[in-house]
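Structural overview for review
Listed below are the residues making up each chain.
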Amino acid sequence: MPTPQSLCLINNHFVPADSGNTFPVTDPATDKAIASVPDCGSAETWRAIEAAAAALPEWRTRPAPARARVLRTMGDLMLRDQDRLAAIMTAEQGKPLAEARGEIAYAASFLFFSAGEAERVYGQTVPASASDKRILVLKQPVGVAAAITPWNFPSAMITRKLGPALAAGCTIVIKPAEATPLSAFAIGEIAIEAGVPAGVVNIITGDPATIGREIFRHDAVRKVSFTGSTEVGKILMDQAANRIVKLSLELGGHAPFIVFDDADLDKAVAGLMANKFRNAGQTCICSNRVFVHERVFAEFAQRLRAQVAALKVGPGTHDGVQIGPLIDDAAVEKVASHVANAKSKGAKVTVGGDLVKVPDHANRFFAPTLIEDANPEMKCFSEETFGPVVPMMKFSTEREAIDLANDTPFGLAAYFYTSNASRLIRIAEALDYGVVGANDAAPSTAQAPFGGTKESGLGREGGHWGVEEYLETKYVSWGV
């Protein structure tokens, strides 16, 4: 792995914590430390916000095409450094190198799309009710933004927030996950090389509760975007209430995957494989509950067993590996407990179901697992597993499938396969989710609105909707 930057970015300077304290970043495949990063607290967080506030007046008034050029340059530099950034990501997060390279391209796409949107932030004129008045509607940056990002997509979840924020004219403070800060610092290096002015992008690591408290306490912060668990999202909503801070929350998911009896089974199997086993099942939109019509269940299960069993498990740096390690021991324990619970409730584990031993590596490699004859009483039907486990059950009617799919407090993503055009629109409308894949298990893209309903969050990321999250609408009544 190339030597990564391991210091925080404040006002375009890479700096340690004031105390000199650090915490380790470990390779989940080996559990060995690969770097130490600053353990920052209140003072450093405050300085980062102050730097962003000081940089805001110039950045927000910089012409949109100029902001767009900076974002495009950042995207170009990410693609130039794709292999280096992927190696850093695999080292700290564990996903296979091929997936990591794909994430870097995905991350760059948010910068490119946001660059275009920077030049399309339009106001309006509205017909007035009197001849001596004019009504103007202006779109202006909300102010200093803060981004709190997760470990499972350590580059893309940053650029999905950073790109729209900078496009809108906001400055930003980023708090990456403790497990994966090196990818964030690498993006900071790229921002400086791309010509981002001092203070526009700041990145700090340390205690989440302390940094979060200061983010919500500082008057300059007017927008917070968070991707993570619903439990933490609820805490942030409470903190945001004190100053009525604008929030975007992309929280937990519990995605259903429905296969109707008229589905193209080859496409459905391929879609489920790509969707479920990406990042070893550690994604918020991967399928957690698979419902297959009783008439095609046996055939679908037979095809799926062979493909699940053929997946190659191992360290992300090894050739041909498709399933890397889970992020930590707690993740392994949760996945194992879901499998054990399913077996205790009468399910059959037909593929996998246990750890895969990899010599000289940590015990975090969980075999891709297929659970058949699952039922809603099992933990995997009420909790997000976040691992390479597919629980499947039969259904009989369209109504039953919809009711099973919607029987959750979460509403991030859902998927279904059918060849019936009428059914397609009926199911798409009936599923209570923010993202629906109809004969498509890979819906995420920079130009589309991404986000959830119910306890899966607030707001949208992607497309012009993502930029809107960083804008305020101002009405000017003009007497002429």
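Right, let's walk through the structure included here. (Residues numbered from 1 in each chain as written. Predicted model: local features only at pLDDT ≥ 70, side-chain atom pairs only at ≥ 80, totals over all residues. Heavy atoms only, no water.)

Some points on the sheet that holds strand S6 (residues 133–141)
If you walk across this open sheet you meet the three strands as S5-S6-S22, and the pairing is antiparallel. On the outer flanks of this sheet lie strand S5 (124–126) and strand S22 (471–479), each paired with one strand and no other. The average undirected angle you get between the axes of adjacent strands in this sheet is 25°. Relative to S22, S6 runs antiparallel, the two being bridged by nine bridges. Across the sheet, the residue bridging to Lys139 is Thr473, located in S22. (Pairing = 2+ DSSP bridges. Helix = DSSP H or I, 4+ residues; strand = E, 2+ residues; numbered from the N terminus. Axes fitted to C-alpha atoms, helices over the stretch in contact; angles between N-to-C directions.)

Here's the deal with the nonpolar core
Note on soluble globular proteins: their nonpolar side chains tend to be buried together. Counting 83 residues, the largest nonpolar core has Met74, Met78, Leu162, Leu166, Val201 and Val224 as the members making the most contacts within it. For this core, the element with the most residues is helix H4 (residues 97–118), which contributes nine residues. Counting residues in hydrophobic clusters, the runner-up holds 67 residues, among them Met273, Ile285, Ala331 and Met392. (Core = buried A, V, L, I, M, F, W, Y, C linked by side-chain atoms within 4.5 Å. Buried < 20%, exposed > 50% of the residue type's maximum accessible area, 1.4 Å probe, protein only.)

Observations concerning the sheet that holds strand S16 (residues 389–395)
Spatially, S14-S15-S16-S13-S12-S18-S19 is the arrangement adopted by the seven strands of the open sheet, whose pairing is mixed. In this open sheet, the two strands that pair with only one neighbour each are strand S14 (348–351) and strand S19 (435–438). Each strand axis lies, on average, 20° off the axis of its neighbour in the sheet, ignoring direction. As paired elements, strand S15 (residues 369–372) and S16 share three bridges and run parallel to each other. Residue Leu370 lies in a different strand from S16, and its bridge partner there is Val390. Set on the sheet, helix H12 (residues 398–406) makes contact with strand S12 (255–259), strand S13 (287–293) and S16; between it and S16 the angle comes to about 145°. (Contact = heavy atoms within 4.5 Å.)

A short note on the environment of Ser248
Positionally, Ser248 belongs in strand S11 (residues 246–250). Distance in space between the C-alpha atoms of Ser248 and Thr408 is 21 Å, their sequence separation being 160 residues. One polar contact links Ser248 to Lys223, side chain to side chain, over a distance of 2.2 Å. (Polar contact = N/O pair within 3.5 Å; in protein donor to acceptor, adjacent residues only side chain to side chain.)

As for the packing of H12 against helix H13 (residues 421–430)
Where H12 meets H13, the axes come as close as 10 Å, and the angle between the chain directions of the two elements is 30°. With respect to H13, the axis of H12 lies roughly parallel. Taken as a pair, H12 and H13 cross one another with a handedness that is right-handed. Contacts between H12 and H13 involve Glu398, Ile402 and Asn406 from the former and Arg423, Arg426, Ile427 and Ala430 from the latter. Along the lines of polarity and charge, the residues of the contact of H12 with H13 split into three nonpolar, one polar and three charged. (Parallel < 35°, antiparallel > 145°, perpendicular 65-115°, else oblique. Left-handed = near helix turned anticlockwise from the far one by under 90°. Nonpolar A, V, L, I, M, F, W, Y, C, P; charged D, E, K, R; others polar.)

As for the side chain of Thr230
In this fold, Thr230 is placed in helix H8 (residues 230–241). Those residues within four positions of Thr230 in sequence are excluded, and the remaining contacts are Leu251, Gly252, Phe410 and Glu455.

Some words on the side chain of Arg67
Along the chain, Arg67 turns up in helix H2 (residues 64–80). Buried and without a salt bridge, Arg67 has Glu58 as its closest oppositely charged side chain, separated by 8.7 Å. There is a polar contact of 2.6 Å between the side chain of Arg67 and the backbone oxygen of Arg62. If near-sequence neighbours (up to four positions away) are discounted, Arg67 is found in contact with Trp59, Arg60, Arg62, Ala118, Leu166, Ala167, Ala168 and Gly169. (Lys, Arg positive; Asp, Glu negative; His and termini not counted. Salt bridge = Lys/Arg side-chain N within 4 Å of Asp/Glu carboxyl O.)

Points about helix H3 (residues 82–93)
The end-to-end C-alpha separation of H3 is 16 Å, in line with the 16 Å expected for twelve residues at 1.5 Å each. Along H3, nine of the twelve residues are buried, which leaves the element largely enclosed by surrounding structure. Listing the buried residues of H3 in full gives Leu85, Ala86, Ala87, Ile88, Met89, Thr90, Ala91, Glu92 and Gln93. Where the residues of H3 are buried, they touch strand S3 (22–27), strand S4 (32–38), H2, H4 and helix H6 (181–193). Backbone geometry just downstream of H3 places Gly94 in the positive-phi region, at approximately 105°. (Expected span 1.5 Å × (residues − 1).)

Examining the pairing of S3
As judged from the six bridges shared by S3 and S4, these two strands associate in the antiparallel manner. Within S4, the residue paired with Pro24 across the bridge is Ser36. Once S3 ends, the chain turns through four residues before running back antiparallel as S4, passing Asp31 with a positive phi of about 65°.

So, to be careful, I would describe these as geometric facts and stop short of saying anything about function.
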